[in-house]
Amino acid sequence: MRKKIIAGNWKMNKNLEDGLALVSEASNMIKDEYNGNAIVVFIPPYIHLNAVSKMLAAYPNQFTGAQNCSNHESGAYTGEISASMIGSCGANYVIIGHSERRQYFNEHNQWLAQKIDTCLKNKLLPIYCCGETLEERETEKHFHVIASQIKEGLFHLNASEILNITVAYEPVWAIGTGKTASTDQAQEIHAFIRGLIASNYSPEIADQITIQYGGSVKPENAAELFAAPDIDGALIGGAALQSRSFTDIVKAMTL
Ligand code: PGA
(Lines give C-alpha, C1' and ligand atoms only; values in the text may rest on other atoms or scores of the structure.)
Protein backbone atom coordinates (compact mmCIF):
# COMPACT_ATOMS: atom_id res chain seq x y z
CA MET A 1 0.00 0.00 0.00
CA ARG A 2 1.55 3.34 -0.94
CA LYS A 3 1.46 6.32 1.43
CA LYS A 4 -1.27 8.93 0.99
CA ILE A 5 0.07 12.41 1.67
CA ILE A 6 -1.82 15.69 2.04
CA ALA A 7 0.56 18.65 2.17
CA GLY A 8 -0.23 22.33 2.67
CA ASN A 9 2.24 24.75 1.08
CA TRP A 10 1.77 28.18 2.64
CA LYS A 11 4.11 29.85 0.13
CA MET A 12 5.06 33.38 1.35
CA ASN A 13 2.05 33.75 3.65
CA LYS A 14 1.47 33.91 7.42
CA ASN A 15 3.65 35.58 10.00
CA LEU A 16 4.74 33.42 12.92
CA GLU A 17 1.78 34.15 15.17
CA ASP A 18 -0.86 33.53 12.49
CA GLY A 19 0.99 30.45 11.30
CA LEU A 20 1.13 28.87 14.74
CA ALA A 21 -2.55 29.61 15.28
CA LEU A 22 -3.36 27.84 12.01
CA VAL A 23 -1.25 24.80 12.92
CA SER A 24 -2.71 24.58 16.39
CA GLU A 25 -6.28 24.68 15.07
CA ALA A 26 -5.74 22.39 12.09
CA SER A 27 -3.69 19.78 13.94
CA ASN A 28 -6.32 19.52 16.67
CA MET A 29 -9.13 19.27 14.14
CA ILE A 30 -7.27 16.52 12.30
CA LYS A 31 -6.67 14.64 15.55
CA ASP A 32 -10.31 14.94 16.64
CA GLU A 33 -12.11 14.54 13.32
CA TYR A 34 -9.93 12.33 11.13
CA ASN A 35 -9.34 8.64 11.61
CA GLY A 36 -7.88 7.73 8.23
CA ASN A 37 -4.16 7.07 7.90
CA ALA A 38 -3.03 9.69 5.39
CA ILE A 39 0.06 11.64 6.36
CA VAL A 40 -0.40 15.40 6.75
CA VAL A 41 2.48 17.80 6.07
CA PHE A 42 2.51 21.48 7.00
CA ILE A 43 4.88 23.46 4.79
CA PRO A 44 5.38 26.94 6.26
CA PRO A 45 8.15 29.44 5.45
CA TYR A 46 11.57 28.25 6.68
CA ILE A 47 11.69 30.58 9.68
CA HIS A 48 8.58 29.00 11.19
CA LEU A 49 9.78 25.42 10.80
CA ASN A 50 11.27 24.93 14.22
CA ALA A 51 8.24 26.25 16.09
CA VAL A 52 5.76 24.35 13.90
CA SER A 53 7.73 21.11 14.22
CA LYS A 54 7.68 21.40 18.01
CA MET A 55 3.94 21.96 17.95
CA LEU A 56 3.40 18.84 15.81
CA ALA A 57 5.66 16.54 17.83
CA ALA A 58 2.62 15.17 19.67
CA TYR A 59 0.87 14.03 16.46
CA PRO A 60 2.29 10.86 14.90
CA ASN A 61 0.81 11.39 11.41
CA GLN A 62 1.53 15.14 11.10
CA PHE A 63 4.88 16.47 9.85
CA THR A 64 6.58 19.63 8.63
CA GLY A 65 8.29 20.36 5.36
CA ALA A 66 10.25 23.18 3.75
CA GLN A 67 9.33 24.91 0.49
CA ASN A 68 12.81 24.71 -1.02
CA CYS A 69 16.45 24.10 -0.09
CA SER A 70 19.87 24.99 -1.40
CA ASN A 71 21.63 22.65 -3.80
CA HIS A 72 24.82 23.25 -1.77
CA GLU A 73 25.69 21.51 1.48
CA SER A 74 27.03 24.61 3.28
CA GLY A 75 29.31 27.59 2.74
CA ALA A 76 29.35 31.11 1.37
CA TYR A 77 25.86 31.28 -0.17
CA THR A 78 24.29 34.28 1.56
CA GLY A 79 20.57 33.92 2.07
CA GLU A 80 20.42 30.21 1.26
CA ILE A 81 19.15 27.46 3.56
CA SER A 82 20.70 23.98 3.52
CA ALA A 83 19.01 20.61 3.80
CA SER A 84 20.91 19.93 7.02
CA MET A 85 19.55 23.16 8.59
CA ILE A 86 16.03 22.15 7.58
CA GLY A 87 16.45 18.73 9.17
CA SER A 88 17.83 20.32 12.34
CA CYS A 89 14.58 22.33 12.65
CA GLY A 90 12.56 19.11 12.81
CA ALA A 91 11.28 18.98 9.22
CA ASN A 92 10.97 15.73 7.28
CA TYR A 93 9.88 16.85 3.81
CA VAL A 94 11.12 19.41 1.26
CA ILE A 95 9.33 20.65 -1.86
CA ILE A 96 11.75 20.61 -4.78
CA GLY A 97 11.06 22.28 -8.12
CA HIS A 98 7.75 23.99 -7.40
CA SER A 99 6.65 25.74 -10.60
CA GLU A 100 7.04 29.13 -8.89
CA ARG A 101 10.70 28.31 -8.23
CA ARG A 102 11.13 27.11 -11.82
CA GLN A 103 9.38 30.17 -13.25
CA TYR A 104 10.56 33.07 -11.04
CA PHE A 105 13.95 31.78 -9.90
CA ASN A 106 14.97 29.92 -13.06
CA GLU A 107 15.45 26.60 -11.29
CA HIS A 108 16.11 23.96 -13.90
CA ASN A 109 16.04 20.18 -13.80
CA GLN A 110 19.79 19.72 -13.43
CA TRP A 111 19.92 22.00 -10.43
CA LEU A 112 16.83 20.34 -8.97
CA ALA A 113 18.54 16.95 -9.27
CA GLN A 114 21.33 18.32 -7.03
CA LYS A 115 18.76 19.54 -4.52
CA ILE A 116 17.19 16.08 -4.46
CA ASP A 117 20.63 14.63 -3.68
CA THR A 118 21.32 17.01 -0.78
CA CYS A 119 17.89 16.23 0.67
CA LEU A 120 18.46 12.48 0.52
CA LYS A 121 21.96 12.82 1.98
CA ASN A 122 20.37 14.62 4.93
CA LYS A 123 17.55 12.09 5.31
CA LEU A 124 14.85 14.49 4.10
CA LEU A 125 12.03 13.32 1.85
CA PRO A 126 11.70 15.37 -1.35
CA ILE A 127 8.33 16.25 -2.86
CA TYR A 128 9.38 16.73 -6.48
CA CYS A 129 7.03 18.93 -8.53
CA CYS A 130 6.40 18.67 -12.22
CA GLY A 131 3.76 20.12 -14.51
CA GLU A 132 3.16 21.88 -17.79
CA THR A 133 2.16 25.46 -18.61
CA LEU A 134 -1.09 26.25 -20.40
CA GLU A 135 0.80 26.89 -23.63
CA GLU A 136 2.56 23.53 -23.37
CA ARG A 137 -0.77 21.76 -22.87
CA GLU A 138 -2.43 23.62 -25.72
CA THR A 139 0.39 22.72 -28.07
CA GLU A 140 0.30 19.11 -26.82
CA LYS A 141 3.79 19.19 -25.38
CA HIS A 142 2.67 18.25 -21.88
CA PHE A 143 3.73 14.60 -21.95
CA HIS A 144 7.13 15.56 -23.31
CA VAL A 145 7.66 18.34 -20.71
CA ILE A 146 6.67 16.11 -17.81
CA ALA A 147 8.82 13.23 -19.05
CA SER A 148 11.87 15.55 -19.18
CA GLN A 149 11.19 16.92 -15.70
CA ILE A 150 10.88 13.43 -14.26
CA LYS A 151 13.87 11.94 -16.10
CA GLU A 152 16.27 14.85 -15.57
CA GLY A 153 15.25 15.52 -11.97
CA LEU A 154 14.98 11.97 -10.68
CA PHE A 155 16.35 9.21 -12.87
CA HIS A 156 19.93 9.56 -11.65
CA LEU A 157 18.68 7.98 -8.41
CA ASN A 158 19.09 4.28 -7.75
CA ALA A 159 16.16 2.00 -6.94
CA SER A 160 16.35 2.39 -3.18
CA GLU A 161 16.76 6.19 -3.43
CA ILE A 162 13.76 6.72 -5.71
CA LEU A 163 11.55 5.09 -3.07
CA ASN A 164 12.07 8.17 -0.87
CA ILE A 165 10.57 10.49 -3.49
CA THR A 166 7.03 11.82 -3.57
CA VAL A 167 6.04 13.28 -6.94
CA ALA A 168 3.56 16.15 -7.18
CA TYR A 169 1.88 16.74 -10.53
CA GLU A 170 0.91 20.39 -10.62
CA PRO A 171 -0.26 21.78 -13.96
CA VAL A 172 0.91 25.40 -13.89
CA TRP A 173 -2.39 26.58 -15.39
CA ALA A 174 -4.26 25.16 -12.37
CA ILE A 175 -2.13 26.72 -9.63
CA GLY A 176 -3.86 29.57 -7.82
CA THR A 177 -6.26 30.03 -10.73
CA GLY A 178 -9.32 28.27 -9.32
CA LYS A 179 -9.14 26.06 -12.43
CA THR A 180 -8.55 22.44 -11.36
CA ALA A 181 -7.49 19.79 -13.84
CA SER A 182 -10.39 17.39 -14.31
CA THR A 183 -9.99 14.09 -12.51
CA ASP A 184 -9.51 12.41 -15.90
CA GLN A 185 -6.81 14.87 -16.94
CA ALA A 186 -4.98 14.43 -13.63
CA GLN A 187 -5.35 10.64 -13.61
CA GLU A 188 -4.00 10.44 -17.18
CA ILE A 189 -0.80 12.26 -16.21
CA HIS A 190 -0.40 10.41 -12.91
CA ALA A 191 -0.63 7.08 -14.75
CA PHE A 192 1.88 8.40 -17.30
CA ILE A 193 4.35 9.37 -14.53
CA ARG A 194 3.92 5.98 -12.85
CA GLY A 195 4.55 4.33 -16.22
CA LEU A 196 7.81 6.28 -16.68
CA ILE A 197 9.00 5.14 -13.25
CA ALA A 198 7.92 1.55 -13.98
CA SER A 199 9.92 1.41 -17.21
CA ASN A 200 13.04 3.00 -15.73
CA TYR A 201 12.94 1.05 -12.43
CA SER A 202 10.22 -1.60 -12.10
CA PRO A 203 6.42 -1.83 -11.84
CA GLU A 204 6.82 -2.83 -8.16
CA ILE A 205 8.79 0.33 -7.41
CA ALA A 206 6.41 2.53 -9.41
CA ASP A 207 3.53 1.09 -7.46
CA GLN A 208 5.03 2.31 -4.19
CA ILE A 209 5.61 5.93 -5.25
CA THR A 210 3.14 8.49 -3.90
CA ILE A 211 1.97 10.87 -6.65
CA GLN A 212 0.11 13.93 -5.37
CA TYR A 213 -2.03 16.26 -7.43
CA GLY A 214 -1.75 20.03 -6.93
CA GLY A 215 -3.57 22.99 -8.46
CA SER A 216 -6.69 24.55 -6.95
CA VAL A 217 -7.53 21.56 -4.76
CA LYS A 218 -10.49 22.48 -2.54
CA PRO A 219 -12.82 20.60 -0.19
CA GLU A 220 -15.37 20.52 -3.06
CA ASN A 221 -13.15 18.68 -5.55
CA ALA A 222 -10.81 16.69 -3.28
CA ALA A 223 -12.86 13.51 -2.83
CA GLU A 224 -13.36 13.04 -6.56
CA LEU A 225 -9.65 13.53 -7.26
CA PHE A 226 -8.65 11.14 -4.46
CA ALA A 227 -10.94 8.44 -5.83
CA ALA A 228 -8.76 8.15 -8.96
CA PRO A 229 -6.47 5.10 -8.80
CA ASP A 230 -3.17 6.95 -9.28
CA ILE A 231 -3.88 10.11 -7.22
CA ASP A 232 -2.36 9.57 -3.78
CA GLY A 233 -2.95 12.89 -2.11
CA ALA A 234 -2.61 16.59 -2.72
CA LEU A 235 -0.21 19.50 -2.56
CA ILE A 236 -2.42 22.41 -1.56
CA GLY A 237 -1.73 26.15 -1.73
CA GLY A 238 -4.60 28.57 -1.14
CA ALA A 239 -6.91 26.13 0.65
CA ALA A 240 -4.13 25.26 3.14
CA LEU A 241 -4.21 28.78 4.59
CA GLN A 242 -7.38 28.16 6.56
CA SER A 243 -7.76 25.36 9.06
CA ARG A 244 -11.30 24.40 8.01
CA SER A 245 -10.64 24.09 4.28
CA PHE A 246 -7.33 22.30 4.86
CA THR A 247 -8.77 19.76 7.29
CA ASP A 248 -11.81 19.20 5.09
CA ILE A 249 -9.43 18.17 2.31
CA VAL A 250 -7.61 15.86 4.74
CA LYS A 251 -10.93 14.32 5.67
CA ALA A 252 -11.72 13.71 1.99
CA MET A 253 -8.84 11.22 1.96
CA THR A 254 -10.50 8.26 3.57
CA LEU A 255 -7.85 5.56 3.38
P1 PGA B 1 -3.15 26.23 -5.17
O2 PGA B 1 -1.54 26.00 -5.16
O3 PGA B 1 -3.75 25.13 -4.35
O4 PGA B 1 -3.33 27.60 -4.54
O5 PGA B 1 -3.58 26.19 -6.59
C6 PGA B 1 -1.02 24.72 -5.29
C7 PGA B 1 0.48 24.76 -5.24
O8 PGA B 1 1.08 25.72 -5.73
O9 PGA B 1 1.12 23.84 -4.69
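Preceding block: the structure.
Keep in mind the model is a prediction, meaning the values are calculated, not measured. (Residues numbered from 1 in each chain as written. Predicted model: local features only at pLDDT ≥ 70, side-chain atom pairs only at ≥ 80, totals over all residues. Heavy atoms only, no water.)

A few words now on helix 9 (residues 183-200). Taking 1.5 Å per residue, 18 residues should reach 26 Å; helix 9 reaches 26 Å between its end C-alpha atoms and fits that length. Looking only at helix 9, the buried set comprises Thr183, Ala186, Gln187, Ile189, His190, Ile193, Arg194, Leu196 and Ile197. (Helix = DSSP H or I, 4+ residues; strand = E, 2+ residues; numbered from the N terminus. Expected span 1.5 Å × (residues − 1). Buried < 20%, exposed > 50% of the residue type's maximum accessible area, 1.4 Å probe, protein only.)

Here the focus is the pattern of salt bridges. Using the criterion set out here, one finds 15 salt bridges in the structure. Close ionic contact of Glu33 with Lys251 constitutes a salt bridge, the shortest N to O distance being 2.8 Å. Here Lys251 lies in helix 12 (residues 243-252) and Glu33 lies in helix 1 (residues 16-33), a separation of 218 residues in the sequence. Of the residues examined, Glu33 reaches a relative accessible area of 34% and is grouped as partly exposed. The exposure class assigned to Lys251 is partly exposed, which follows from its relative accessible area of 31%. Two residues, Arg194 and Asp232, come together in a salt bridge whose shortest N-O distance is 2.9 Å. (Salt bridge = Lys/Arg side-chain N within 4 Å of Asp/Glu carboxyl O.)

Before going further, it helps to spend a moment on the nonpolar core. Formed by 67 residues in total, the largest nonpolar core has its most connected members in Phe42, Ile150, Leu154, Ile193 and Phe226. If you tally residues by element for this core, the top one is helix 9, at five residues. Not counting residues up to four positions away in its chain, the partners in contact with Leu154 are Ile116, Tyr128, Gln149, Ile162, Ile165, Val167 and Tyr201. The next biggest cluster of nonpolar side chains, apart from the first, holds eleven residues, and it includes Ala7, Ile39, Tyr93 and Leu235. (Core = buried A, V, L, I, M, F, W, Y, C linked by side-chain atoms within 4.5 Å. Contact = heavy atoms within 4.5 Å.)

What follows deals with the packing of aromatic side chains. Following the criterion strictly, the structure yields five aromatic pairs and no others. Between Phe63 and Tyr93 the ring centres are 6.3 Å apart and the planes differ by 65 degrees, which places this aromatic pair in the edge-to-face class. With a gap of 30 residues between them, Phe63 in strand 3 (residues 62-66) and Tyr93 in strand 4 (residues 93-96) connect regions that are remote in the sequence. Given a relative accessible area of 3%, Tyr93 falls into the buried group. One residue, Lys115, lies across the ring of Trp111, its end atom 5.5 Å from the ring centre. (Phe/Tyr/Trp six-rings, centres within 6.5 Å; stacked < 30°, edge-to-face > 60°. Lys NZ or Arg CZ within 6 Å of the ring centre and 35° of its normal.)

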